[in-house]
Amino acid sequence: MLKARFKKHLGRANSRALTIDVDLKAAQGITVLFGASGAGKTTILRAIAGILAPDEGRIVVGDEVYFDSAAGIVIPMQKRKVGYVFQNHLLFPHMTAEQNVLYGIRTGVRRNPRERARELLLMLGIEKTADRLPHQLSGGEQQRVALARALATDPSVMLLDEPLSAVDVSTRSRLLEEIVSIQRRSRIPFLYVTHNHSEALRLGDSMMVIEKGRVCQEGSPMEIFNAPRTASIAKVVGTENMFVGRILQHQFEDGTTIVGVDSCRIAAPLNALPVDSRVTIGIRSDDILVSLERLTQISARNVLEGVIKNIFIDVDKTELMVSCGIDLKVSVTRSAVRQLNLKIGSTVFLLIKARSVHLLE
């Protein structure tokens, strides 16, 4: 178990100062620290690792106190049982893969360090790279060596700072599976920093959203992505459609509240806010279905007629921009675009369940 409660005042960057003020716990499993660039995620890892010292607070891993400002305890980085995998690998360029892993093995911890290094390289499927230098390795192989070196310290907690940002999509997918497998075998807490939605969903047993140096929401990744508490969190986790409207009426028999946004009436889950209250709603693009016909015998409370204004095709995602009184982004597959013959100017009907409309603070 990792318990960290500390503050750290940082200097000004981009004309603003940032103060890290967190209270977090991470048990066995993978805890994702999620947030935009500059939110303070990496600084949190650096403080836990001992790369920088907080101004005040306490950091405990298991029964070991790494930092306690009140008791004057500051354990140096090299004496903390922390594995750290950096975004850019930071392998020693003059050392082979095996030598890089050997560097991480603590003196006296293992009777046969070379056997341990080979074991880790084998576990990560890169035993054939043992005698190669980092520049002779692919990006994925370099990242595996970095993982092996971090594991070689026999850590009590593993810190991973966007470790897969520099590898290609197919390699990233394989490494995600390996990271999950390694964590399950090691049975220690993993803190994993990312701002990638798919990584968070695939890896996270739990997730903390970091904003301006603070934990602003925590829970399972699916809970947070599906129900962000505030408009700022919704923006961070990728809720593409956010609108300001007013509560028009409560339909108690249906369990819905009708929100007016421009010329649209949108049904949301029933709430206790007074009629005419100003509210912000969020709708994920993945939660909207597209039909070529107006369907009636369906459970979705919202059926909005609109016209496709634009179609955006990316490597792993296709989005429609549909005008239906408001402009809504809608995620679809490429096959859906082909099969439904969707084009700019096509008339479509958007189906949105009431529970997919989130009221944001």
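Residues numbered from 1 in each chain as written. Predicted model: local features only at pLDDT ≥ 70, side-chain atom pairs only at ≥ 80, totals over all residues. Heavy atoms only, no water.

Trainee: So what's going on with the overall build of the protein chain? Which residues, and what values?
Mentor: The helix and strand inventory of the protein chain stands at nine helices and 21 strands. Projected onto its principal axes, the C-alpha positions of the protein chain cover 70 × 50 × 40 Å. Within the protein chain, counting contacts between residues at least 6 apart in sequence, those at least 24 apart form 64% of the total. For the protein chain, the accessible surface area stands at approximately 18000 Å², while carbon and sulfur atoms represent 49% of it. For the protein chain, the distance from the average site of its 47 positive side-chain charges to the average site of its 38 negative ones is 3 Å. (Helix = DSSP H or I, 4+ residues; strand = E, 2+ residues; numbered from the N terminus. Contact = heavy atoms within 4.5 Å. Areas by Shrake-Rupley, 256 points an atom, 1.4 Å probe, with all protein chains shown as cover. Lys, Arg positive; Asp, Glu negative; His and termini not counted. Charge placed at Lys NZ, Arg CZ, Asp CG, Glu CD.)

Trainee: Kindly report on the nonpolar core, identifying the contributing residues and their values.
Mentor: Core analysis: the largest hydrophobic core is formed by 32 residues, its most contacted members being Val101, Met158, Leu160, Ile179, Phe190 and Tyr192. Put simply, the parts of the chain that give this core at least two residues each are helix H2 (97-104), helix H3 (113-123), helix H4 (139-151), strand S8 (157-161), helix H5 (169-186) and strand S9 (189-194). With six residues, H4 is the single largest residue contributor to this core. (Core = buried A, V, L, I, M, F, W, Y, C linked by side-chain atoms within 4.5 Å. Buried < 20%, exposed > 50% of the residue type's maximum accessible area, 1.4 Å probe, protein only.)

Trainee: Could you give an account of the pairing of strand S12 (residues 241-251), naming the residues involved and the relevant values?
Mentor: Along any regular strand, the residues point their side chains to alternate faces of the sheet. Strand direction decides the pairing type here: S12 and strand S15 (residues 278-283), joined by six bridges, are antiparallel. The residue bridging glycine 245 from the neighbouring strand is valine 279, located in S15. Pairing between S12 and strand S13 (residues 256-261): five bridges, direction antiparallel. Residue histidine 250 lies in a different strand from S13, and its bridge partner there is threonine 257. With antiparallel pairing between neighbouring strands as the criterion, S12 and S13 make up a hairpin whose turn holds four residues, including glycine 255 at a positive phi of roughly 70 degrees. (Pairing = 2+ DSSP bridges.)

Trainee: For the environment of alanine 267, give the residues involved together with the corresponding values.
Mentor: Relative to the assigned elements, alanine 267 resides in strand S14 (residues 264-269). The exposure class of alanine 267 is buried, given its relative accessible area of 6%. Taking C-alpha positions, alanine 267 is 59 Å from arginine 116, a pair spaced 151 residues apart along the chain. Beyond its immediate stretch of four places on either side in the chain, alanine 267 contacts Thr256, Thr257, Ile258, Arg301, Asn302, Ala354 and Val357.

Trainee: Please set out the sheet that holds strand S18 (residues 318-323) residue by residue, giving values where relevant.
Mentor: Spatially, the five strands line up as an open sheet ordered S16-S20-S17-S18-S19, and their pairing is antiparallel. Of all the strands in the sheet, the pair left with one neighbour each is strand S16 (289-291) and strand S19 (327-332). Neighbouring strand axes in the sheet, compared pairwise and without regard to direction, differ in orientation by 45 degrees on average. Direction of pairing for strand S17 (residues 302-313) relative to S18: antiparallel, over a ladder of six bridges. Counted as the bridge partner of isoleucine 308 is valine 322 from S18. (Axes fitted to C-alpha atoms, helices over the stretch in contact; angles between N-to-C directions.)

Trainee: Could you give an account of the pattern of salt bridges, with specific residues and numbers?
Mentor: Following the criterion strictly, the structure yields 16 salt bridges and no others. Arginine 114 is the salt-bridge partner of glutamate 98, the closest N and O atoms lying 3.5 Å from each other. Of this pair, glutamate 98 sits in helix H2 while arginine 114 sits in helix H3, placing them 16 residues apart in sequence. Between arginine 132 and glutamate 141 there is a salt bridge, and its shortest N-O distance comes to 3.9 Å. One continuous salt-bridge network, built from bridges that share partners, spans Glu98, Arg114 and Arg118. (Salt bridge = Lys/Arg side-chain N within 4 Å of Asp/Glu carboxyl O.)

Trainee: Describe the packing of aromatic side chains, with residues and values.
Mentor: Tallied over the entire structure, the rule returns three aromatic pairs. Between phenylalanine 92 and tyrosine 103, the aromatic rings sit 4.7 Å apart at their centres with planes inclined by 65 degrees, giving edge-to-face as the arrangement. With a gap of 11 residues between them, phenylalanine 92 in the loop between strand S7 (82-85) and H2 and tyrosine 103 in helix H2 connect regions that are remote in the sequence. The class of phenylalanine 92 is partly exposed, set by a relative accessible area of 27%. Residue class for tyrosine 103 comes out exposed when judged on its relative accessible area of 54%. (Phe/Tyr/Trp six-rings, centres within 6.5 Å; stacked < 30°, edge-to-face > 60°.)

Trainee: Could you give me a rundown of unusual backbone geometry, with the residues and numbers involved?
Mentor: Glycine aside, negative phi is the norm for most residues, and most peptide bonds take the trans geometry. Phi is positive for aspartate 154, which is not a glycine, with a value near 50 degrees. Summarising the element assignment, aspartate 154 is placed in the loop between H4 and S8. Of note in the backbone geometry, asparagine 341 takes a positive phi value of approximately 55 degrees without being a glycine. When you line up the elements, asparagine 341 lands in the loop between helix H9 (334-339) and strand S20 (347-352). Judged by relative accessible area, which is 46%, asparagine 341 ranks as partly exposed.

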